[in-house]
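Observations on the model geometry
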Amino acid sequence: MTWNVEIEPRQCIASGSCAAIAPDLFALDGSHARPLHDRIDEDERALDAADCCPVLALTVRDGAEVIGPRP
């Protein structure tokens, strides 16, 4: 199974928490972060990164279902 990861650039404040948690999945790119790949293999670190984003700019989807950030 694969997940989709998205970062909303207008919402992202480039805190770097996602890149610190999973540097092989996310990178800081100027004034915001970006996923290195749109689709990833299931990876708990992507969910952790979504949970830790201070402005909830990172979304992880399994198909149409939003699975991160977790409630």
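Before reading on, note that the structure itself is shown above.
What this report covers is the structure whose coordinates are included nearby. Owing to the predicted nature of the structure, the values given are computational and were not obtained by experimental measurement.

Take the nonpolar core next. Ile7, Cys18, Phe26, Leu58 and Val60 are the most contacted members of the largest nonpolar core, which totals 19 residues. For this core, the secondary structure elements donating two or more residues are β1 (2-7), α2 (44-52) and β5 (58-62). Of all the elements, α2 adds the most residues to this core, at four residues. Discounting chain neighbours no more than four positions away, the residues touching Phe26 are Val5, Ile7, Cys18, Ala19, Arg34, Pro35, Leu36, Ala46, Ala49 and Leu58.

Let's shift gears to empty space enclosed by the protein. Within the structure shown, the criterion is met by one cavity of 30 Å³ or more. Quantified by volume, the largest cavity comes out at close to 90 Å³. As for the largest cavity, its lining consists of 16 residues, and the residues nearest its centre are Cys12, Ser15, Cys18, Ala33 and Cys53. When its residues are assigned to classes, the lining of the largest cavity shows 13 nonpolar, three polar and no charged.

Pairing in this open sheet of four strands is antiparallel, and the strands run β4-β1-β5-β6 from one edge to the other. Both outer strands of the open sheet, β4 (39-41) and β6 (65-68), are each paired with one neighbouring strand and no more. Across the sheet, the axes of successive neighbouring strands diverge by a mean angle of 40°, strand direction being ignored. Of the strand pairs in this sheet, β1 and β4 are connected by three bridges, and their pairing is antiparallel. When the bridges of β4 are listed, Trp3 appears paired with Ile40. Contacts from α2 reach β1, β4, β5 and β6 within the one sheet, and its direction differs from that of β5 by about 140°.

Calculation notes
Residues numbered from 1 in each chain as written. Predicted model: local features only at pLDDT ≥ 70, side-chain atom pairs only at ≥ 80, totals over all residues. Heavy atoms only, no water. Core = buried A, V, L, I, M, F, W, Y, C linked by side-chain atoms within 4.5 Å. Buried < 20%, exposed > 50% of the residue type's maximum accessible area, 1.4 Å probe, protein only. Helix = DSSP H or I, 4+ residues; strand = E, 2+ residues; numbered from the N terminus. Contact = heavy atoms within 4.5 Å. 1 Å grid on protein atoms, 1.4 Å probe; cavity = no way out; pocket = protein on both sides within 12 Å on 5 of 7 lines; lining within 4 Å. Points joined across faces, edges and corners; volume = space filled by probe spheres on them. Nonpolar A, V, L, I, M, F, W, Y, C, P; charged D, E, K, R; others polar. Pairing = 2+ DSSP bridges. Axes fitted to C-alpha atoms, helices over the stretch in contact; angles between N-to-C directions.

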